[in-house]
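Descriptive analysis of the structure
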Amino acid sequence: MTFRLTCPVCGKRDVYEFTYGGPERGPRPAETDLDGGAEGHFRWSQFRMNRPEPREEWWHHGAGCGVWFSTWRDPATNRETRPGGAEASGDSASGGDSP
Ligand SMILES: [Zn+2]
């Protein structure tokens, strides 16, 4: 199955040009802020919910401009729900920001 994503620099491209970086989860919490201490931190870092509903995700345009960006996509339909609505961060020359 293929679908297209909207790179904020290059525009719509085939998904095969991109690498999935995972869902946006906000800033990394301190270990002491999670229930269960170290085990809670392990669960936060290793387990992700994969609900069939639109969510913000990180993508890297490795076969294009090299930018990391976030976009909203519905994994049930593979359609972007807010294409180009997220801001780009970094570029290939500076190494960019990874998720
Ligand atoms: Zn691009």
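For the structure given in this document, a descriptive report is provided here. Keep in mind that what you see is a predicted model, and the values were worked out from it rather than measured.

Comments concerning the nonpolar core
Judged by nonpolar contacts, Leu5, Cys7, Trp58, Trp59, Val67, Trp68 and Phe69 together constitute the single largest core of 7 residues. Going through the elements one at a time, strand 1 (4-7), strand 4 (55-60) and strand 5 (68-74) are the ones with two or more residues in this core.

Remarks on unusual backbone geometry
Positive phi is not limited to glycine here, since Asn78 has a value of about 60°. Accessibility expressed as a C-beta count within 10 Å gives 13 for Asn78, which makes it partly exposed.

Topic: the pairing of strand 6 (residues 79-82)
Where strand 5 lies against strand 6, 3 bridges are found, and the strand directions are antiparallel. Considered in strand 6, the bridge of Arg73 is made with Glu80. Between strand 5 and strand 6, which follow one another and run antiparallel, lie 4 residues, and Asn78 among them has a positive phi close to 60°.

Definitions and cut-offs
As a convention, each chain's residues are numbered from 1 in the sequence order in which they are written. Local features in a predicted model are, by the rule used here, given only for residues with pLDDT of at least 70; side-chain atom pairs are given and counted only at 80 or more, and totals for whole chains, interfaces and linings are based on all residues. Here a nonpolar core is just a set of buried residues of the types Ala, Val, Leu, Ile, Met, Phe, Trp, Tyr and Cys, joined wherever their C-beta atoms sit within 7 Å. Every C-beta atom is placed from the backbone, and the number of other C-beta atoms within 10 Å of a residue's own sets its class: buried at 20 or more, exposed at 12 or fewer, partly exposed in between. Helical segments are the DSSP runs of H or I of at least four residues, strand segments are the runs of E of at least two, and each set is numbered from the N terminus. Two strands are said to pair when DSSP picks up at least two bridges between them.

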